[in-house]
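Observations on chain architecture
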Amino acid sequence: MSASARWRRLLVSRTASDRSTAYAMSNRFARAGGRLFVSWLDRPSRNWWGTPEGDPPRLRRLCAIGDGQDNHCGAAIAHDTRGAIHAVLGAHHGTFLHRVLSDSARPEAWGEPLPAAELATHPSLVCDRQGRLHLAYRSSARNPWLLQYRRWEPGAGWSLPASLAVAATPWYTSWTNSLAVGPDDVLHLVLAVYRLLEDG
């Protein structure tokens, strides 16, 4: 199979944010109901998603799923074992919002946004085989900043935050936190630390 047969270019937006798909810890793809869904951040800071269809592929069934305050606020999406799609709408030292799409055939029918984490930035979201969501993110709840984790279970909601790491220096830190879940439901967290040096 040729490379051109395997890969197709897809224009997501002509009005995308300068960080439309930035922050690799935030998954932008989910597959449900036989469809692939793609999420991105448009200008000024609105999260959209759509379904690539046709040949060449074009985005169809477009739907806005939430706004943020700036270009740090892209959504992280994951699908669960029941076929629902979850989105954690990013924030920049703000409140993450969790929305659920129970029926992927109705991409506009997202549930109401509910708080998922506070003073948070850079969501990484995965779902295990038990239908539990796992969320890792940067927290500015204290200084030096934290890398925190929360778990969501159907019927129980989000757990209290657990701190996984504390920055070595005050103020700016980026963890590039990226979660993955294995077939045995073991969570894997990869991180690298970016921080400002004392001399700037």
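In short, a report on the structure.

What counts and what doesn't
- Within any chain, residue numbers begin from 1 and follow the written order of that chain's sequence.
- Local features in this predicted model are restricted to residues of pLDDT 70 or higher, and side-chain atom pairs are both shown and tallied only at a pLDDT of 80 or more, whereas totals for entire chains, interfaces and linings draw on every residue.
- Note that water and hydrogens are dropped before the side-chain values are worked out from all heavy atoms of the structure.
- Each residue's exposure class comes from its accessible area (1.4 Å probe, protein chains only) as a fraction of the maximum for that residue type: buried when under 20%, exposed when over 50%, partly exposed otherwise.
- Only runs of H or I of at least four residues qualify as helices and only runs of E of at least two qualify as strands under DSSP, and these elements are numbered from the N terminus.
- Pairing between strands is defined by DSSP: at least two bridges between the two strands are required.
- Put simply, a salt bridge is a Lys or Arg side-chain nitrogen that is within 4 Å of an Asp or Glu carboxyl oxygen.
- Residue contacts are counted whenever heavy atoms from the two residues lie within 4.5 Å of one another.
- Interaxial angles span 0 to 180 degrees and are taken between N-to-C directions of axes, which are lines fitted to C-alpha atoms, for helices over the stretch in contact.

Quick look at the pairing of strand S6 (residues 85-89) now. Extensive coverage of S6 is indicated by the burial of five of its five residues. Burial along S6 is two-sided: Ile85, Ala87 and Leu89 facing one way and His86 and Val88 facing the other are all buried. From the end of S6 to the start of strand S7 (residues 92-101), which pair antiparallel, there are two residues.

Turning our eyes to something else, we now look at the pattern of salt bridges. One pass over the full model with this rule turns up seven salt bridges. Arg132 serves as the salt-bridge partner of Asp128, at 2.7 Å between the closest nitrogen and oxygen. Judged by relative accessible area, which is 25%, Arg132 ranks as partly exposed.

Right, let's talk about the environment of Ala116 for a bit. Along the polypeptide, Ala116 turns up in strand S8 (residues 114-127). On the basis of relative accessibility, which here comes to 0%, the residue Ala116 falls in the buried class. As a C-alpha pair, Ala116 and Leu89 span 27 residues in sequence and 9.1 Å in three-dimensional space. Those residues within four positions of Ala116 in sequence are excluded, and the remaining contacts are Phe96, His98, Leu135, Arg150 and Trp158.

Taken in spatial order, the four strands make up an open sheet running S1-S2-S3-S4, and their pairing is antiparallel. Each end of this open sheet is capped by a strand with a single partner; those strands are strand S1 (29-32) and strand S4 (58-67). With strand direction ignored, the average angle separating the axes of adjacent strands in the sheet is 25°. As paired elements, strand S3 (residues 46-53) and S4 share seven bridges and run antiparallel to each other. Looking across to S4, one finds that Arg46 is bridged to Asp67.

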